[in-house]
Amino acid sequence: MGNIIVFAILGWFFYSIFKSYAKYSAYSKKAFKNFSINKESLQNSELGLFIALVAKVAKADGRVDALEAELIGIMFDDISAIFPEPQKTKDIFKEIFNEEKEKRDNVQSIAQTLARAIKRDRAKQQQFMGFLIQLAFVDGELSKSEEIILAEIAEALEFDVNLYHAMFDRFEKMMSNITPKATIEDAYKLLGVKPSDDMDTIKKAYRKLVREFHPDIIKSQGKSEAYMQEATAKTQEINQAYEMIKEKRA
């Protein structure tokens, strides 16, 4: 019962962050149907600038965590799908990500450029900051370097400081209240695998479920609160189960 309550609360919080996607339809195939697919145009687009900031946050603590990498990979698929030539777009976005994750001195300038691109739209500011905060916390802990870079991005975006701290504090409190209670038997059952299965089979099942239930930052536009609650809570449960099995087999 405790886990159900915690995941429901966490799901509601993610929804409160991502519900801003439903407020406008800027990120759709129709909006990008005439977009020219090349590195320069994608690098300077709102979503390209956002991906550069995702790279900064993901690598802020020195490494890209396994779940971070999984969710970022799915994010590439989600975002690229709305552009012409999705595979070409995805390849370029990956290139941008890999380049930007190794740089630290241009965080402020990229965030400021994004602020100008979105005309300091509060809903979009909240949308982007919400995802970045989620990414920083998704591995279960927040490093000082991640905290510093999030604050730097928020300031450069000219995001309301009180709203930023409120979002950050609520998320920190909720994450600290999560206490895994599932048994190893529950973990196998949740992933739909057997104790006799090898780790390759279990990993494939895990990745399939993460892709199926992850909070889709594009398709969540216009979706109900229940959709976002289920998607987010399920992603957390799936990862918890997978980590438990990995630890058991180590």
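Quick notes on the rules
- Residues numbered from 1 in each chain as written.
- Predicted model: local features only at pLDDT ≥ 70, side-chain atom pairs only at ≥ 80, totals over all residues.
- Heavy atoms only, no water.
- Core = buried A, V, L, I, M, F, W, Y, C linked by side-chain atoms within 4.5 Å.
- Buried < 20%, exposed > 50% of the residue type's maximum accessible area, 1.4 Å probe, protein only.
- Helix = DSSP H or I, 4+ residues; strand = E, 2+ residues; numbered from the N terminus.
- Contact = heavy atoms within 4.5 Å.
- Phe/Tyr/Trp six-rings, centres within 6.5 Å; stacked < 30°, edge-to-face > 60°.
- Polar contact = N/O pair within 3.5 Å; in protein donor to acceptor, adjacent residues only side chain to side chain.
- Expected span 1.5 Å × (residues − 1).
- Salt bridge = Lys/Arg side-chain N within 4 Å of Asp/Glu carboxyl O.

A.B. asks: Explanation requested: the nonpolar core in the structure shown.
C.D. replies: Nonpolar side chains in soluble globular proteins tend to end up buried together. M129 and I153 are the most contacted members of the largest nonpolar core, which has 50 residues in total. Every element with two or more residues in this core is listed here: α4 (46-58), α5 (66-80), α6 (86-100), α7 (107-117), α8 (122-137), α9 (144-156) and α10 (161-176). Considering each element in turn, this core owes the most residues, 10 residues, to α4. When residues no more than four places from it in sequence are discounted, the contact partners of M129 are L150, I153, A154, L157, F159, Y164 and M167. Core analysis: the second largest hydrophobic core is formed by 19 residues, V138, L191, V193 and Y206 among them.

A.B. asks: Honestly, the packing of aromatic side chains in this entry has me stumped. Any pointers?
C.D. replies: On inspection of all chains with the given rule, the structure shows nine aromatic pairs. Aromatic side chains F83 and F93 sit 5.7 Å apart centroid to centroid with 75° between the ring planes, which places their arrangement in the edge-to-face category. Of the two residues, F83 is situated in the loop between α5 and α6 and F93 in helix α6; the sequence distance between them amounts to 10 residues. For the pair formed by F83 and F93, the shared burial category is buried. For the ring pair Y206 and Y242, a centre distance of 3.9 Å and an interplane angle of 10° mean the geometry is stacked. Note that Y206 is positioned in helix α12 (residues 199-213) and Y242 in helix α13 (residues 225-249), a separation of 36 residues in sequence. Looking at Y206, the relative accessible area reads 4%, which means it is buried. One aromatic cluster is present, formed by F32, F35, F83 and F93 through successive ring pairs.

A.B. asks: Explain the side chain of E100 here, please?
C.D. replies: Note on placement: E100 falls in helix α6. Among the polar contacts listed, one links the side chain of E100 to the side chain of N106, at a separation of 3.0 Å. Not counting residues up to four positions away in its chain, the partners in contact with E100 are Q43, A52, A55, K56, N106 and I110.

A.B. asks: I tried to follow α8 on my own but got confused; where do I start?
C.D. replies: Owing to its 3.6 residues per turn, the α-helix aligns residues three or four sequence positions apart on the same side. Spanning 16 residues, α8 covers 22 Å between terminal C-alpha atoms, matching the ideal 22 Å at 1.5 Å per step. Counting buried residues along α8, 15 of its 16 residues qualify, which places the element largely inside the surrounding structure. Between the side-chain oxygen of the N-cap and the backbone nitrogen of K124 there are 2.9 Å, and the N-cap of α8 in question is D121.

A.B. asks: I would appreciate a short explanation of the pattern of salt bridges in the present structure.
C.D. replies: Between side chains of opposite charge, pairing is possible as soon as their charged atoms come close. Overall, the coordinates contain 13 salt bridges when judged by the stated rule. The salt bridge partner of D65 is R63, with a shortest N-O separation of 3.8 Å. By relative accessible area, D65 is classed as buried at 15%. Here E158 ties to R120 by a salt bridge, and the two come within 2.9 Å at their closest N and O atoms. Taken together, the residues span a long stretch of sequence, with E158 in the loop between α9 and α10 and R120 in the loop between α7 and α8 at a distance of 38 residues. Look at E158 and you get partly exposed, because its relative accessible area is 48%. Classification of R120 by relative accessible area gives partly exposed; the value is 40%. Here the residues in one salt-bridge network are K39, E95 and E99, joined through shared partners.

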